[in-house]
Amino acid sequence: MRPPIFSYFAPNAVSDVVRLLAEYGADARVLAGGQSLVPIMNLRIIRPAALIDLNRCAGLTYIEKRGDYIAIGAMTRQLDASRSAVTNEYCPIVAQALEKTGPFAVRSRATVGGTIAHADRVAELPAVAVALNAVMVVEGIQGSREIPACDFFLGDLTTSIAPGEFLREVRFPVCEPGSFSKFSEVSVRQEGVAVVGLAVYLENEDGVVTKIAISAMGVGSTPVRLHNAEASLQGNYLSPSTIEAVANLASAEVNPMADPYASAAYRKYVVASMLRTSLQEAAKGELK
Amino acid sequence: MSSSSTLIKFFVNSIEMAAEAEPRELLVDFLRHRLGLTGTHVGCAHGACGACTVLIDGRPTRSCLTFAIQAEGCEIQTVEGLGCGGELSPLQEEFRNHHALQCGFCTPGMLMSACALLNENPDPSEDDIRHALAGNLCRCTGYTNIVRAVAETARRLKSERGE
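Residues numbered from 1 in each chain as written. Chains lettered and ligands numbered in written order. Predicted model: local features only at pLDDT ≥ 70, side-chain atom pairs only at ≥ 80, totals over all residues. Heavy atoms only, no water.

Caption draft 1: The layout of surface pockets, seen in detail. Size it by volume and the second largest pocket reaches roughly 520 Å³. As for the second largest pocket, its lining consists of 19 residues, of which Glu-99, Phe-104, Arg-107 and Glu-191 of chain A together with His-131 of chain B are closest to the centre. Listed by contribution, the elements that provide at least two residues to the lining of the second largest pocket are α3 (78-83), α6 (104-107) and β11 (180-187) of chain A together with α3 (107-120) and α4 (126-132) of chain B. The dominant element in the lining of the second largest pocket, judged by the number of residues it contributes, is α3 of chain B, at four residues. Grouping the amino acids of the lining of the second largest pocket by side-chain chemistry returns five nonpolar, six polar and eight charged. (1 Å grid on protein atoms, 1.4 Å probe; cavity = no way out; pocket = protein on both sides within 12 Å on 5 of 7 lines; lining within 4 Å. Points joined across faces, edges and corners; volume = space filled by probe spheres on them. Helix = DSSP H or I, 4+ residues; strand = E, 2+ residues; numbered from the N terminus. Nonpolar A, V, L, I, M, F, W, Y, C, P; charged D, E, K, R; others polar.)

In structure tokens form, the structure reads like this:
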């Protein structure tokens, strides 16, 4: 099994990447870690005429704290990002999610930019990006654009990256000291493809929730924020009765699909269960 | 920089090599067909089974999801590099001792994933071993003996180092 013939380019500089993208437009695909793109090329689901390999391109691998966000270069390997001291200190939920993206051989090759740009409905990092409202920096011949996560994920394998552009950097807002972060998921088998996942981020003041963000993946074609559940937590204490009510609200708020892995009812059940467990953990640990 | 064959240079099991590769040629096919290194197996050819796992610059990688042309300048380790002069490596010996294979199809990938683990973590827990092998599917053994073989290899190497 091998892909159809394509033209291959391995530019060394971002300026060459955008020049090639301008030349080939929608006929080109950008190759990052290849852990999602190459399977669908091997299966001939997509047949790009030109493949622009970023693996030799300078200036796309870094993790830096810049003021109130951390910037991760698109070609940073997921394994490196999940082990990075910067990620773990300032954005622990990114590290948590990247521990679940696949087995070691996949994470050692797969990239932060790749999983965001591929936008699989059960990919972990897009769910975190939506919860934290990360900013995607895309680059084209016209220059760069910053796209907030709420405008970035449009549907299955579809983002607002335009033909001629590529994802260059992802910016995750810094999680406040003392905040609570939890990424949970259910998958068919450990380190296999996820079925449902939940990202929870919470800040509190004396036990009162001052900021809350919840996003679910695997319940639609893109990650979704659970606005009703968030609104009902804002300004409240995490009492057992509140947690139970919010978990039920979250379950009612999602409208998931059924597929061979799980029924819609199961997905609703799991969303409630994961949220309940996360909030109980938050109440026990951080909100004494 | 095109769709025609390109000469690439790289190291395979510490031996410098050069060969032509078409851009669409997967590393696993290149190893098997151009270099005759048929120890690396093609299972699913879309990254699900782990049979084709090799080490690229020390890291376990699916060679069915890597193009040969991307290996320019890299050090590739395959299962052929584990033993020496017809002798099995300690890891391979423990696979044999523990009956950690039946049909053997997944074994090259299992060995390379286990090798990467032991290089990075010489004293892995059972949980570490299971995590490291989670991307390698075996339909024969039920994994128990594979995990035992890796654990025993770690113990053996530790005692050989005099720890």
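Caption draft 2: Here's a closer look at the environment of Val-12 of chain B. Residues and elements named next belong to chain B. Mapped onto the secondary structure, Val-12 falls in strand β1 (residues 6-12). When its relative accessible area of 2% is taken as the criterion, Val-12 is described as buried. As a C-alpha pair, Val-12 and Leu-37 span 25 residues in sequence and 9.8 Å in three-dimensional space. Discounting residues that sit within four places of it in the chain, Val-12 has contacts with Met-17, Leu-35, Leu-37, Glu-75, Ile-76 and Thr-78. (Buried < 20%, exposed > 50% of the residue type's maximum accessible area, 1.4 Å probe, protein only. Contact = heavy atoms within 4.5 Å.)

Caption draft 3: Region of the structure containing the interface of chain A and chain B. Every contact between the two is made by 37 residues of chain A and, on the other side, 29 residues of chain B. Together, the buried faces of chain A and chain B total about 2900 Å²; carbon and sulfur atoms form 54% of this surface. Interface area lost by chain A to chain B is led by Arg-2, Tyr-8 and Arg-109 of chain A, which between them contribute 20%. Across the chain A-chain B interface, the total number found is three salt bridges. Ionic pairing is found between Glu-120 of chain B and Arg-83 of chain A, a salt bridge with its closest N-O pair at 2.8 Å. For the pair chain A and chain B, the interface holds ten residue pairs in polar contact (both at pLDDT 80 or more). Every element with two or more residues in the side of chain A that touches chain B is listed here: β1 (7-9), α2 (37-42), β3 (50-53), α3 and α6 of chain A. (Buried area = accessible area lost by both parts, 1.4 Å probe. Salt bridge = Lys/Arg side-chain N within 4 Å of Asp/Glu carboxyl O. Polar contact = N/O pair within 3.5 Å; in protein donor to acceptor, adjacent residues only side chain to side chain.)

Caption draft 4: Fine view of helix α8 (residues 124-132) of chain A. Residues and elements named next belong to chain A. The buried count for α8 comes to nine of nine residues, which makes it a mostly enclosed element. Looking at α8, one finds that the buried residues are Glu-124, Leu-125, Pro-126, Ala-127, Val-128, Ala-129, Val-130, Ala-131 and Leu-132. Note on α8: the residue one or two positions beyond its end, Asn-133, has a positive phi of about 50 degrees.

Caption draft 5: Spatial organisation of the sheet that holds strand β12 (residues 194-205) of chain A. Residue and element names in this part refer to chain A. Overall, antiparallel pairing links the four strands, which are arranged β11-β12-β13-β14 in an open sheet. The sheet is open, and its two borders are formed by β11 and β14 (224-225), each paired with just one other strand. Examined bridge by bridge, β12 and strand β13 (residues 208-217) share nine bridges and lie antiparallel to one another. Within β13, the residue paired with Glu-203 across the bridge is Lys-211. Helix-sheet contacts for α8 involve β11, β12, β13 and β14, and the interaxial angle to β13 is about 145 degrees. (Pairing = 2+ DSSP bridges. Axes fitted to C-alpha atoms, helices over the stretch in contact; angles between N-to-C directions.)

Caption draft 6: Broad picture of the state of the cysteines. All names here are of chain B. For the structure shown, the criterion picks out zero disulfides over all chains. Between Cys-49, a free cysteine, and Cys-44, which holds the nearest cysteine sulfur, the sulfur-to-sulfur gap is 3.9 Å. The buried category is assigned to Cys-49, whose relative accessible area is 17%. Cysteine Cys-74 shares no disulfide, and the gap to the nearest cysteine sulfur, in Cys-52, comes to 16 Å. (Disulfide = S-S within 2.5 Å.)

Caption draft 7: Broad picture of the nonpolar core. One finds Ile-116, Val-128, Met-136, Phe-153 and Phe-172 of chain A to be the most contacted residues of the largest nonpolar core, which totals 37 residues. With sequence-adjacent residues up to four places away left out, Val-128 of chain A is seen in contact with Ile-93, Val-94, Ala-97, Phe-172, Phe-183 and Ala-199 of chain A. Judged by nonpolar contacts, the second largest core, of 32 residues, contains Ile-46 of chain A together with Leu-26, Val-28 and Leu-65 of chain B. (Core = buried A, V, L, I, M, F, W, Y, C linked by side-chain atoms within 4.5 Å.)

Caption draft 8: Region of interest: the packing of aromatic side chains. This model, assessed by the stated rule, comprises four aromatic pairs over all chains. Taking the centre distance of 5.3 Å and the plane angle of 65 degrees together, the rings of Phe-6 of chain A and Phe-67 of chain B count as edge-to-face. Here Phe-6 of chain A is found in the segment before β1, whereas its partner Phe-67 of chain B is found in the loop between β4 (59-62) and β5 (75-77) on a different chain. Ring geometry for Phe-10 of chain B and Phe-30 of chain B: centres 5.5 Å apart, planes at 70 degrees, overall edge-to-face. With Phe-10 of chain B in strand β1 and Phe-30 of chain B in helix α1 (residues 27-34), the pair connects residues that are 20 residues apart, well separated along the chain. Note on accessibility: Phe-10 of chain B and Phe-30 of chain B belong to one class, buried. Over the ring of Tyr-90 of chain A we find Lys-65 of chain A; its NZ or CZ atom is 5.0 Å from the centre of that ring. (Phe/Tyr/Trp six-rings, centres within 6.5 Å; stacked < 30°, edge-to-face > 60°. Lys NZ or Arg CZ within 6 Å of the ring centre and 35° of its normal.)

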